[in-house]
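Each chain is listed here by its residues.
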Amino acid sequence: MPKKKKTTKKRGSRKRQSKQTPTSNINVETPGMIVELDGHPDLDIQSQAIPNVMPVMPVRGMVMFPGTIMPISVGRPASLKLLEESLASSKVIALFTQKDEEQEAPELDEIYSVGTAVMVLKLIRQPDESVQIIVHGLGRVTMDEVIRTDPYIVARMKPSEEKLASTSKAFAAAINQLKDQARELIELSPNAPDQAITVLMNIEDPSNLADFLVANLNLDVTQKQDLLEELDIAKRIRAVHRHVSMQLEIQKLQHKIQEDVQSSIGDTQRKFFLREQMKAIQRELGEEGEGEDFLIRLREQLLEADPPDAVMEEAQREFARLELIPPASPEYSVISNYLELIADLPWNKLSEDNLDLDRAQSILDRDHYGLDKVKRRLIEYLAVRKLNPGNRGPILCLVGPPGVGKTSLGQSIADALGRKFVRMSFGGIRDEAEIRGHRRTYIGAMPGRIIQELRRAGTKNPVMMLDELDKLGADFRGDPASALLEVLDPRQNDKFVDRYLDVPFDLSQVIFIATANYMGTVPGPLQDRMEVIEIPGYTDNDKLVIARKYLVPRQLKENGLTRTLCSWQATGIRKTIENYTREAGVRELERQIGSVCRGLAAKIAPLTPTRRKKTKYTVDAKQVRKVLGVEKFMREDDTKITTPGVALGLAYTTVGGEVLFIEATKYPGKGDFKLTGQLGDVMKESVSAALSVFKSRATDLGYDLEQLNKNDIHIHVPAGAIPKDGPSAGIAMFTAITSLLLNLTVKSALAMTGEITLRGKVLPIGGVKEKTLAAARAGIKTVILPEDNRRDLEDIDPQVRKKLTFHFASDVDQVLEYTLGKQRIKTALKKLKPKKQVKK
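Residue positions within a chain follow its written sequence, with the count starting from 1. Totals for whole chains, interfaces and linings use every residue, but because this is a predicted model, local features are given only for residues with pLDDT of at least 70 and side-chain atom pairs only at 80 or more, for both listing and counting. Side-chain metrics in this entry use all non-hydrogen atoms of the structure; hydrogen atoms and water are not considered.

Chemist: Can you break down the side chain of Gln-592 residue by residue, with the values?
Modeler: Within the secondary structure, Gln-592 sits in helix 19 (residues 587–604). Exposed residues in this analysis have more than 50% of their type's maximum accessible area, buried residues have under 20%, and partly exposed residues fall in between, with area computed by a 1.4 Å probe over protein chains only. The class of Gln-592 is buried, set by a relative accessible area of 8%. Here, residues are in contact when the closest pair of their heavy atoms is within 4.5 Å. Those residues in contact with Gln-592 that lie beyond four places of it in its chain are Thr-576, Tyr-580, Thr-581, Leu-628 and Lys-632. Each helix is a run of H or I in the DSSP string that is no shorter than four residues. Each strand is a run of E no shorter than two, and both are numbered from the N terminus.

Chemist: Go over helix 9 (residues 330–344), please, and point to the residues and values.
Modeler: Since the α-helix turns once every 3.6 residues, residues separated by three or four places project in the same direction. Compared with the 21 Å implied by 1.5 Å per residue over 15 residues, the 22 Å span of helix 9 between its first and last C-alpha is a close match. Those residues of helix 9 that fall on the buried side of the exposure criterion are Tyr-332, Ile-335, Ser-336, Tyr-338, Leu-339, Leu-341, Ile-342 and Ala-343. Working rule for helices: expected span equals 1.5 Å times residues minus one.

Chemist: Can you lay out unusual backbone geometry for me, pointing to particular residues and giving the numbers?
Modeler: Of note, the bond from Asp-150 into Pro-151 is cis; its omega dihedral lies within 30 degrees of zero at 5 degrees. Here Pro-151 lies in the loop between strand 6 (131–148) and strand 7 (153–159). Even without being a glycine, Asp-502 presents a positive backbone phi close to 65 degrees. With respect to the element layout, Asp-502 can be found in the loop between strand 11 (496–497) and strand 12 (504–505).

Chemist: Which residues make up the pattern of salt bridges, and what are the values?
Modeler: Note on definitions: salt bridges are taken to be side-chain nitrogens of Lys or Arg within 4 Å of carboxyl oxygens of Asp or Glu. This model, assessed by the stated rule, comprises 35 salt bridges. Among the ionic pairs, Asp-365 bridges to Lys-375, the shortest N-O distance being 3.0 Å. Of the two residues, Asp-365 is situated in helix 10 (residues 357–367) and Lys-375 in helix 11 (residues 372–387); the sequence distance between them amounts to ten residues. It is possible to trace a salt-bridge network through shared partners that takes in Arg-140, Glu-162, Asp-211 and Arg-236.

Chemist: So what's going on with the environment of Lys-616? Residues and values would help.
Modeler: Note on placement: Lys-616 falls in the loop between helix 20 (609–614) and strand 16 (617–619). C-alpha of Lys-616 to C-alpha of Cys-566: the two residues are 50 residues apart in sequence and 5.8 Å apart in space. Those residues within four positions of Lys-616 in sequence are excluded, and the remaining contacts are Arg-563, Thr-564, Leu-565 and Ser-567.

Chemist: Give me the lowdown on the side chain of Gln-98, citing residues and values where you can.
Modeler: Its place among the elements puts Gln-98 in the loop between strand 4 (92–97) and strand 5 (114–125). Only 3.2 Å separates the side chain of Gln-98 from the side chain of Arg-76, close enough to count as a polar contact. Dropping the residues within four chain positions of it, Gln-98 is found in contact with Pro-58, Val-59, Arg-60, Arg-76, Gln-103, Pro-106, Glu-110, Ile-111 and Tyr-112. Definition of a polar contact: a pair of N or O atoms within 3.5 Å, with one able to donate and the other able to accept a hydrogen when the atoms are protein atoms, and with sequence-neighbouring residues admitted only if both atoms are side-chain atoms.

Chemist: Give me the sheet that holds strand 13 (residues 511–516): which residues, what numbers.
Modeler: By the convention used here, strands pair only if DSSP detects at least 2 bridges between them. In spatial order, the strands read 9-10-13-8-14; together these five strands make up an open sheet with parallel pairing. Of all strands in the sheet, those with a lone pairing partner are strand 9 (421–425) and strand 14 (530–534), marking the two edges. Each strand axis lies, on average, 25 degrees off the axis of its neighbour in the sheet, ignoring direction. In the sheet, strand 8 (residues 395–399) pairs with strand 13 via four bridges, with the strands oriented parallel. Bridging from a neighbouring strand, Val-399 pairs with Ala-516 of strand 13. Lying on the sheet, helix 12 (residues 406–417) is in contact with strand 8, strand 9, strand 10 (463–467) and strand 13; it crosses strand 10 at an angle near 175 degrees. The axes used here are C-alpha line fits, helices contributing only the stretch in contact, and every angle between their N-to-C directions lies in the interval 0 to 180 degrees.

Chemist: Explain the packing of aromatic side chains to me, and be specific about the residues and the numbers.
Modeler: Any Phe, Tyr or Trp ring, taking Trp's six-membered ring, that has another such ring centre within 6.5 Å forms a pair; planes under 30 degrees apart are called stacked, those over 60 apart edge-to-face, and the others tilted. Tallying each qualifying case throughout the model produces two aromatic pairs. Centroid distance Tyr-338 to Tyr-500: 6.2 Å. Interplanar angle 65 degrees. Geometry classified as edge-to-face. Here Tyr-338, found in helix 9, pairs with Tyr-500, found in the loop between strand 11 and strand 12; they are 162 residues apart in sequence, far enough to count as distant. Taking the relative accessible area as the measure of exposure, Tyr-338 reaches 0% and is therefore buried. Here the aromatic rings of Trp-347 and Phe-505 are separated by 4.9 Å at their centres, their planes lie at 55 degrees, and the arrangement is tilted. Of the two residues, Trp-347 sits in the loop between helix 9 and helix 10 while Phe-505 sits in strand 12, which places them 158 residues apart along the sequence.

Chemist: Give a description of helix 10 that names residues and reports values.
Modeler: Along helix 10, the residues classified as buried are Ala-360, Ile-363 and Leu-364. Seen along its axis, helix 10 keeps its buried residues to an arc of 95 degrees; they face one direction. Packing partners of the buried residues in helix 10 comprise helix 11 and helix 12. The opening residue of helix 10 is Asp-356, an N-cap whose side-chain oxygen sits 3.2 Å from the backbone nitrogen of Asp-358. An arc is given here, and it is the one of the directions from the helix axis to the C-beta atoms.

Chemist: Which residues make up the pairing of strand 18 (residues 656–668), and what values do they have?
Modeler: Two strands pair when backbone bridges link them, and strand 17 (residues 646–653) and strand 18 are joined in this way by eight bridges, in the antiparallel orientation. From the neighbouring strand, Ala-647 faces strand 18, where its bridge partner is Ile-662. Looking at chain direction, strand 18 and strand 20 (residues 711–716) are connected through six bridges and run antiparallel. Residue pairing across strands places Glu-663 opposite His-716, the latter belonging to strand 20.

Chemist: Could you give me a rundown of the pairing of strand 4, with the residues and numbers involved?
Modeler: The two faces of a sheet get side chains in turn, since along a regular strand they alternate between them. Counting buried residues in strand 4 gives six out of six residues, a clear majority hidden from the surface. Side chains Val-92, Ala-94 and Phe-96 of strand 4 all project onto a buried face; the interleaved residues Ile-93, Leu-95 and Thr-97 project onto the opposite face, where all are buried too. Inspection of the sheet shows strand 2 (residues 53–59) paired to strand 4 by four bridges, in the parallel sense. Bridge pairing in strand 4 links Met-57 to Leu-95.

Chemist: Tell me about the nonpolar core, and please be specific about residues and values.
Modeler: Ranked by size, the top nonpolar core spans 64 residues in total, and within it Ile-662, Tyr-703, Ile-715, Met-733, Phe-734, Met-752 and Val-783 carry the most contacts. When residues in this core are grouped by element, the largest group, nine residues, is from helix 25 (residues 730–742). The contacts of Met-752, once residues within four sequence positions are left out, are Ala-647, Leu-648, Gly-649, Leu-650, Ile-731, Ala-732, Thr-735, Ile-784, Val-815 and Thr-819. Nonpolar cores are built from buried Ala, Val, Leu, Ile, Met, Phe, Trp, Tyr and Cys residues. Side-chain atoms within 4.5 Å join them into one set. Counting 56 residues, the second-largest nonpolar core is a separate cluster that includes Met-312, Phe-426, Val-487 and Phe-512.

Chemist: I'd like to hear about the confidence of the model for the protein, residue by residue, with values.
Modeler: Per-residue confidence for the protein gives a mean pLDDT of 82, with 88% of residues at or over 70. Ranking the helices and strands of the protein by mean pLDDT puts strand 24 (residues 782–786) first, with 94, and strand 1 (residues 18–20) last, with 39. Per residue, pLDDT captures the predictor's confidence, and it can take any value from 0 to 100. For residues 1–43, every residue scores under 50 in pLDDT, and the model assigns this stretch 141 contacts once sequence neighbours within four places are set aside.

Take a look at the structure:
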């Protein structure tokens, strides 16, 4: 049954109060014993008369009822005096409850007028000089007249006469129902002793039943005092009935809740016990504390990372799940890996920018030769960030052939800013999950490359190089280029959500720099999000300076040589550039320089230290030829044209500009033409357009078209293993066909580029810088460009402009004038005219 209210003794006062300590075993929460008066074996209490005059002991926090036995702690001096003087003559005293529990010495008006006469059964002295008495309630008494108040109250009492108006069947039924409810209440109480129900069922007197139940109900002092003062037994029974019914409903509800909770947490408790057993086994094995240490360390790392509130909320949710999962569970590693990722990400770690523009310029000049336009744009980019640090600048995309220093430019920018540098190569990536990550529901799921690289960098604002952007692929697993749209959009990437992380991460402070060899394969929407900076290839003079300043010292160091052992001459470097490499960048050049250095190292290594000091190799053109062998490229012979039907075109590829040979030949046939050399659809259309233009102008030229119907034309573009496409070889195709049919050779060391129309117009093309650079590299002396490309002349390197002679053409007539010459065409046409037969 509910616990009886107790009064707590305050600190600092050892002898202050009389306190009730319930002793009934029926009370389900407080140990003790409350025994019904009837049938007590040892004491003849029923025959004990209640005196008219009795000493009064005020008690607080309790109400004593007739028929009950209670232990009471006595500590106040007045109460101790009362016991000392009165118990010698009579064991009967009166207990009255005081209204205010805080009063140490209550007055008469602060004590209820109705109390209980009790017999003191036992007195026990405590070590702290207080006294504990055990009392038995005899009956209700009313204070009628106060005799004295010092040193304690003595009063004349008037017995309280109880009334029982009716003993009808209804009243008897109410008594039985009260007993049944009380018994059910005891049965629902988990700690109730077995004899409690026996005691209850043996009480026959209605008044004693009511007093017994109300003494053990969880009621406050005021409610119990009201029931003590109630002399009408029927009313008291009804009041107790109400309280018992209320307590029974509460107990039933608690019991139901307890059953539901036990059924719901039964499995959890079983797992808990198993985990405790596992801990005990781990303690025996000496492995105790590893899991707890990991969780403690992980929590500290999460707090130290200090992610945003929304992220921390998600992390705490997952951490709470992790604490309930045994370490052997597969889900334990999934959640722990996820939380470790959140703890490792640089949510608030930033590198401090160094925006000294002079220092940045010196670093760029130190690491790269030339590229003035590119360096100027990068300095402008840093200047804007210095004036407006919060500006979300454009995404830069460096476009150029391999080996021109695109990736190293990104490293130089990071060094200039004082930021971490991160490089991501996109070559061959076809899975969108490489960018956005995998969902955690999959086995082996991982975050995307961007989140992984930020985790490794340890800062929120690194310089991130997206290398080989044009090599991205797409298949059934998705399109990585489309996933990059959000990453490379400054307006959206502050809330980038990786599928594995599943919470927003701010990428707005990352400096993204993309690189590509060719923008034709990059999707349009992705190009729209970037500012393209073109990096052309190097001239021969640029390569000479780069080799002297960077490549030769690096290769000497890597091969264990010094300048005293190996001295490179300009003639040796030029020989390597002109006859052993043909590229826009300098990678192959460095490899060839390394080959020469290794060849010399093989000769120097066997020498003794003394002879080695006296040995010095001078690397000139002859030494390069001796080490590298036969020349791979002979520029003068490459550009010499000796056969009609051959023309030189200029092409722009992913590795820079290239000189394109176009060959045409004819043989007896039916007027068909054949194309070989892995030509794309656009280039095939250019051949058809060039042949149609020639046919449309044959009459003006004086060429007999009947000759075409008697011959087949075969057009071939060498390097047949390499696919070729594009419209810019149109005028070269036309020139080759015209040269073939007129039997004229094109001027040597002359190359051309331009798209042709059926009207004979020459349209502008792109990649002029790269094409002219390739022409100068191949030894070309004259270049024909479309008239509309005259404005691109300013962008061409001054050294290239000095080497080349430029002609600009707006139609094919001008092209023929520059390539074949008007007078040569007239002479050739006269030779082609059939001779008139002389009549005899």
